[in-house]
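Residues per chain, in single letters:
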Amino acid sequence: MSLPPLVEPAAELTVDEVRRYSRHLIIPDVGMAGQKRLKNAKVLCVGAGGLGSPALMYLAAAGVGTLGIIDFDVVDESNLQRQIIHGQSDVGRPKAESAAATVREINPLVQVILHNEALTTDNVMEIFSGYDLIVDGTDNFATRYMVNDAAVLLGKPYVWGSIYRFDGQASVFWAEHGPCYRCLYPEPPPPGMVPSCAEGGVLGVLCASIGSIQVNEAIKLLTGIGDPLVGRLMIYDALEMKYRDVKVRKDPECVLCGKNPTVTELLEDYEAFCGAISDEAAEAVSGSTITALELKTMQDNGENIFLVDVREPNEYEIVSIPGATLIPKGEFLNGSALERLPQDKRIVLHCKSGARSAEALAIVKNAGFSDAVHVGGGVLSWVKTVDPSLPSY
Ligand code: ZN
């Protein structure tokens, strides 16, 4: 499948531009016309994180004329293992600003538009409407569905990517010419089923593998060359070192881009749609959540508690709360954890940020430990409020 170019060519290239982009210009498929299209292109990168870092750097180097960067986060030390657009001296700085500085250093001819804010249902339509193409570098399902819905409603193509440990995926979603994200994944996964990179980790260099596929597809769409990744899902296994692609068909029943769409505007609340935690977990934590400081006080007062860390062993090795016993969440799901819990102590559960311990709490309470609680914000909150000398991750 080949598609017409997304962007009209700019009037001309300056002498500086001809010098800078000469290695593109001598590729017949790109040539002067292709480079002029890139110059005229407006591309928005959602997120300046793992995927956004290599994507923004290569889009800038390639000569995309206008690059938008949206990110509300600040650079953290734990980002530097993979988010190579940021450096040591950027820690604590807004990611959008830090990314913009690197983009300007790579290519001062690029016009950078900073959106130092979160992408929300209130601003997504207006922001997207200023761009030809969106590169999605988000790491959570709520934002992904929002990006997809906004792109479909506006008739814009976007290049999607996702990464986890050694596995990456990428595709181009463009409802006018193929499926959308909802055709591939009609429903978000049940809360807690799919671990995030923050929970499960990601090999830093995987970001470059997938981010570069995204830029490759962006350039093809903008200039109208090659066979775009529309209607195909690229799956990359870094351990096996294998790429394969599978066909993704447009779903005629898709609620968004199908024949009789029922979703005709943005949802009100994407967090709720993707359910940050399950209903059972939400019910379990209601009135049964303590802060990290309250846990510290309980420990200092010698209260009769049994503190359980429900994370994975490698996370426990990185940082743990003193006195915690490690029983990974999986053992609560299969029931084997319950016999390890003392009947004569109050059970206190924690994980990294509070989502997994909320799920475990629902199971523990169901098993009759009615006074069990969990620590809101988990070990991250402990590090922040009780012992900042410990590492965060
Ligand atoms: Zn669809």
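Everything numeric here is computed off the predicted structure, so don't read it as measured data.

A.B. asks: Just to check I follow, could you spell out the overall build of the chain for this structure?
C.D. replies: Per the secondary structure count, the chain includes 17 helices and 13 strands. Taken along the three principal axes of its C-alpha coordinates, the chain extends 75 × 50 × 40 Å. Counting the 393 residues in the chain, one finds 50% classified as buried. The long-range fraction of contacts in the chain, counting pairs at least 24 apart against all pairs at least 6 apart in sequence, stands at 68%. Carbon and sulfur atoms make up 51% of the accessible area of the chain, which amounts to about 18,100 Å² in all. Mean positive and mean negative side-chain charge positions of the chain (33 and 50 charges, respectively) differ by 7 Å.

A.B. asks: How do you make sense of the sheet that holds strand S2 (residues 66-70) when you look at a structure like this?
C.D. replies: Strand pairing in a sheet takes place through backbone hydrogen bonds and is either antiparallel or parallel in direction. Read from one edge to the other, the open sheet built from eight strands follows the order S3-S2-S1-S4-S5-S6-S7-S8, with strand pairing classed as mixed. Both outer strands of the open sheet, strand S3 (111-115) and strand S8 (242-247), are each paired with one neighbouring strand and no more. Neighbour-to-neighbour, the strand axes of the sheet open up by a mean angle of 15 degrees, direction not taken into account. When S2 meets S3, the two strands line up parallel, connected through five bridges. By the bridge assignment for S3, leucine 67 is matched with valine 112. Helix H4 (residues 52-62) rests against strand S1 (42-46), S2 and strand S4 (133-136) of the sheet, and its axis sits at about 165 degrees to S2. Packing against the sheet, helix H5 (residues 95-106) makes contact with S2 and S3, and its axis sits at approximately 175 degrees to S3.

A.B. asks: Looking at this structure, I do not really get the domain arrangement of the chain. What am I missing?
C.D. replies: How big an interface is tends to be reported as the loss of accessible area on association of its parts. Segmentation of the chain into domains returns domain 1 (15-274) and domain 2 (279-385). Between the C-alpha centres of domain 1 and domain 2 the distance comes to 36 Å. Listed as interface residues are four residues of domain 1 and, on the opposing side, five residues of domain 2. Both faces combined, the contact of domain 1 with domain 2 buries some 370 Å², and carbon together with sulfur accounts for 34% of it.

A.B. asks: What is the right way to read the packing of aromatic side chains from this model?
C.D. replies: Describing an aromatic ring pair means giving the distance of the ring centres and the angle of the ring planes. Inspection of every chain in the model, using the stated rule, returns nine aromatic pairs. Plain terms: the ring middles of tyrosine 145 and tyrosine 181 are 5.1 Å apart, the flat faces sit at 70 degrees to each other, and that makes the pair edge-to-face. Pair noted here: tyrosine 145 is in helix H7 (residues 141-154) and tyrosine 181 is in helix H8 (residues 181-184), with a separation of 36 residues, a long-range link. Ring plane angle 85 degrees and centroid distance 5.2 Å describe the contact between tyrosine 145 and phenylalanine 273, whose orientation is recorded as edge-to-face. Of this pair, tyrosine 145 sits in helix H7 while phenylalanine 273 is found in helix H11 (residues 270-274), placing the two residues 128 residues apart along the sequence. Here phenylalanine 273 falls in the partly exposed class, since its relative accessible area comes to 29%. Positioned over the ring face of phenylalanine 141 is arginine 144, at 5.0 Å from the centre of the ring. In this structure, lysine 352 packs its charged tip against the face of tyrosine 393, placed 4.2 Å from the ring centre.

A.B. asks: So what exactly am I meant to see when it comes to the packing of H4 against H5 here?
C.D. replies: Two packed helices can be described by the angle between their axes and the distance between those axes. Where H4 contacts H5, the two axes come as close as 9 Å, and the packing angle between them is 30 degrees. Relative to H5, the element H4 lies roughly parallel. Crossing angle aside, the handedness with which H4 passes H5 is right-handed. Every residue of H5 that contacts H4 at Leu56, Met57, Ala60 and Ala61 is listed here: Ala99, Thr102, Val103 and Ile106.

A.B. asks: Help me understand the nonpolar core in this model?
C.D. replies: The nonpolar side chains of a soluble globular protein tend to be buried, and buried together. Ranked by internal contacts, the top residues of the largest apolar core, which has 45 residues, are Leu56, Leu67, Ile69 and Val103. When residues of this core are assigned to their parent elements, the largest contribution, nine residues, is made by helix H10 (residues 204-223). Each residue touching leucine 67, except ones within four places of it in the same chain, is listed here: Val43, Leu56, Leu59, Ala60, Val103, Val110, Gln111, Val112 and Ile113. Val46, Tyr131, Tyr145 and Met146 belong to the second largest nonpolar core, which has 25 residues in total.

A.B. asks: Explain the coordination of the zinc ion to me, please; I cannot follow it from the model alone.
C.D. replies: By definition of the ideal shapes, four donors in a tetrahedron about a metal sit 109.5 degrees apart, and six donors in an octahedron sit 90 or 180 degrees apart. In the first shell of the zinc ion, the protein supplies Cys180 (SG), Cys183 (SG), Cys254 (SG) and Cys257 (SG), at 2.3 Å from the metal. Each donor residue of the zinc ion lies on the same chain, and together they follow the pattern C-x2-C-x70-C-x2-C. With a gap of 71 residues between them, cysteine 183 in helix H8 and cysteine 254 in the loop between S8 and H11 connect regions that are remote in the sequence. The class of cysteine 183 is buried, set by a relative accessible area of 10%.

A.B. asks: Would you take a moment to explain the pattern of salt bridges for this structure?
C.D. replies: Two side chains that carry opposite charge are able to pair once their charged atoms sit near each other. Summed over the entire model, instances satisfying the criterion amount to 13 salt bridges. The closest approach of N and O atoms between aspartate 73 and lysine 95, which form a salt bridge, is 3.7 Å. With aspartate 73 in the loop between S2 and H5 and lysine 95 in helix H5, this residue pair connects regions lying 22 residues apart in the sequence. Among the salt bridges present, the one from arginine 182 reaches aspartate 149, with a minimum N-O distance of 2.7 Å. Note that arginine 182 is positioned in helix H8 and aspartate 149 in helix H7, a separation of 33 residues in sequence. Of the two residues examined, arginine 182 and aspartate 149, each falls in the buried class. One network of salt bridges, with partners in common, ties together Asp227, Arg232 and Asp245.

A.B. asks: I would appreciate a short explanation of the packing of helix H3 (residues 31-40) against H10 in the present structure.
C.D. replies: Between H3 and H10, the shortest axis-to-axis distance is 9 Å and the interhelical angle comes to 105 degrees. Overall, the two elements H3 and H10 adopt an arrangement that is roughly perpendicular. For the pair H3 and H10, contact is made by Gly34, Arg37 and Leu38 and by Ile219, Leu222 and Thr223, respectively. Considered class by class, the residues forming the contact of H3 with H10 number three nonpolar, two polar and one charged.

A.B. asks: Where do I start with the side chain of serine 171 in this structure?
C.D. replies: With respect to the secondary-structure elements, serine 171 resides in strand S6 (residues 167-173). Polar side-chain contacts of serine 171 include one of 2.6 Å to the backbone oxygen of arginine 232. In this structure serine 171 touches Tyr158, Val159, Trp160, Leu229, Arg232 and Leu233, once residues within four positions along its chain are discounted.

The rules behind each value
Residues numbered from 1 in each chain as written. Predicted model: local features only at pLDDT ≥ 70, side-chain atom pairs only at ≥ 80, totals over all residues. Heavy atoms only, no water. Helix = DSSP H or I, 4+ residues; strand = E, 2+ residues; numbered from the N terminus. Buried < 20%, exposed > 50% of the residue type's maximum accessible area, 1.4 Å probe, protein only. Contact = heavy atoms within 4.5 Å. Areas by Shrake-Rupley, 256 points an atom, 1.4 Å probe, with all protein chains shown as cover. Lys, Arg positive; Asp, Glu negative; His and termini not counted. Charge placed at Lys NZ, Arg CZ, Asp CG, Glu CD. Pairing = 2+ DSSP bridges. Axes fitted to C-alpha atoms, helices over the stretch in contact; angles between N-to-C directions. Domains from an automatic or database assignment. Buried area = accessible area lost by both parts, 1.4 Å probe. Phe/Tyr/Trp six-rings, centres within 6.5 Å; stacked < 30°, edge-to-face > 60°. Lys NZ or Arg CZ within 6 Å of the ring centre and 35° of its normal. Parallel < 35°, antiparallel > 145°, perpendicular 65-115°, else oblique. Left-handed = near helix turned anticlockwise from the far one by under 90°. Core = buried A, V, L, I, M, F, W, Y, C linked by side-chain atoms within 4.5 Å. Donors = N, O, S within 2.8 Å, 3.2 Å for Na, K, Ca; no water. Salt bridge = Lys/Arg side-chain N within 4 Å of Asp/Glu carboxyl O. Nonpolar A, V, L, I, M, F, W, Y, C, P; charged D, E, K, R; others polar. Polar contact = N/O pair within 3.5 Å; in protein donor to acceptor, adjacent residues only side chain to side chain.

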